[in-house]
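Commentary on secondary and tertiary structure
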Amino acid sequence: MAGLIKNLRVTKTGSSSRTLEEAHRRSMDLFREACRALPDIMDRYNLQEVTTLSELRSKIAAEFRKHSKVTNLKVVDMLVFKGQEELQYCIDHSKQRHHLLGQYIIGKEGLAGDIHKLGETDHGESEFLKSFYRGNS
């Protein structure tokens, strides 16, 4: 695993992609690097308590699929660069655990989305709440 981390540190952005195929190859290389680094990242941030390796791989794959329709070479290169930067931050332990939890495990809507859904499903089930809502309407 130390060899992988050493190789990532010397990886440079390089020149921009000349063709869409080259950009696709670069993005797939980034995906492979990220998947190879995941076990080490899970150990560093103690993520086994909250998620599995396959769930994290699925989240990363979803991020790549989200941008799969991009055909502008400059945009693809920028996304690959930002992905490499994000991966390097995770490997260097520049992020804290709660950053990774919020970005990749809980998601962008966070716990507030779950609380809001709970409030919708429980709304007005008891007689007390029904009378309370009627009285405050």
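Up top is the structure.
What comes next concerns the included structure. Quantities reported herein were computed from a predicted structural model and do not represent experimental measurements.

1. A word on unusual backbone geometry
- We note that asparagine 46 has phi near 55 degrees; this positive angle belongs to a residue other than glycine.
- Mapped onto the secondary structure, asparagine 46 falls in the loop between α2 (20-45) and α3 (53-66).
- We classify asparagine 46 as partly exposed; its relative accessible area is 39%.
- Although it is not a glycine, histidine 93 sits at a positive phi angle of roughly 60 degrees.
- Note on placement: histidine 93 falls in the loop between α4 (73-91) and α5 (97-106).

2. Looking at the nonpolar core
- Counting residues in each nonpolar core, the largest one holds 18 residues, and the members touching the most others are Ile41, Leu47, Leu87 and Leu100.
- Where this core is concerned, the elements lending two or more residues are α2, α3, α4 and α5.

3. Some remarks on the packing of aromatic side chains
- What the rule picks out here adds up to 1 aromatic pair.
- When the ring of phenylalanine 31 is compared with that of phenylalanine 64, the centres are 5.3 Å apart and the planes differ by 75 degrees; the resulting orientation is edge-to-face. Taken as a pair, phenylalanine 31 in helix α2 and phenylalanine 64 in helix α3 lie far apart in primary sequence, 33 residues in all.
- Under the relative-accessibility criterion, phenylalanine 64 is labelled partly exposed at 26%.

4. Notes on the side chain of aspartate 77
- You can see aspartate 77 is positioned in helix α4.
- At 4.1 Å, arginine 26 is the nearest oppositely charged side chain to aspartate 77, a buried residue that forms no salt bridge.
- The contact partners of aspartate 77, leaving out residues within four places of it in the chain, are Ser16, Ser17, Ala23 and Arg26.

5. Thoughts on the packing of α2 against α4
- Closest axis-to-axis distance for the α2/α4 pair is 10 Å, and the angle between their directions is 15 degrees. With respect to each other, α2 and α4 are oriented roughly parallel. For the pair α2 and α4, the crossing hand works out as left-handed. Contacts between α2 and α4 involve Leu20, Ala23, Arg26, Ser27, Leu30, Glu33, Ala34, Ala37, Ile41, Arg44 and Tyr45 from the former and Leu73, Val76, Asp77, Val80, Gly83, Gln84, Leu87, Tyr89, Cys90 and Ile91 from the latter.
- Here the residues of the contact of α2 with α4 sort into 14 nonpolar, 3 polar and 4 charged.

Calculation criteria
- Residues numbered from 1 in each chain as written.
- Predicted model: local features only at pLDDT ≥ 70, side-chain atom pairs only at ≥ 80, totals over all residues.
- Heavy atoms only, no water.
- Helix = DSSP H or I, 4+ residues; strand = E, 2+ residues; numbered from the N terminus.
- Buried < 20%, exposed > 50% of the residue type's maximum accessible area, 1.4 Å probe, protein only.
- Core = buried A, V, L, I, M, F, W, Y, C linked by side-chain atoms within 4.5 Å.
- Phe/Tyr/Trp six-rings, centres within 6.5 Å; stacked < 30°, edge-to-face > 60°.
- Lys, Arg positive; Asp, Glu negative; His and termini not counted.
- Salt bridge = Lys/Arg side-chain N within 4 Å of Asp/Glu carboxyl O.
- Contact = heavy atoms within 4.5 Å.
- Axes fitted to C-alpha atoms, helices over the stretch in contact; angles between N-to-C directions.
- Parallel < 35°, antiparallel > 145°, perpendicular 65-115°, else oblique.
- Left-handed = near helix turned anticlockwise from the far one by under 90°.
- Nonpolar A, V, L, I, M, F, W, Y, C, P; charged D, E, K, R; others polar.

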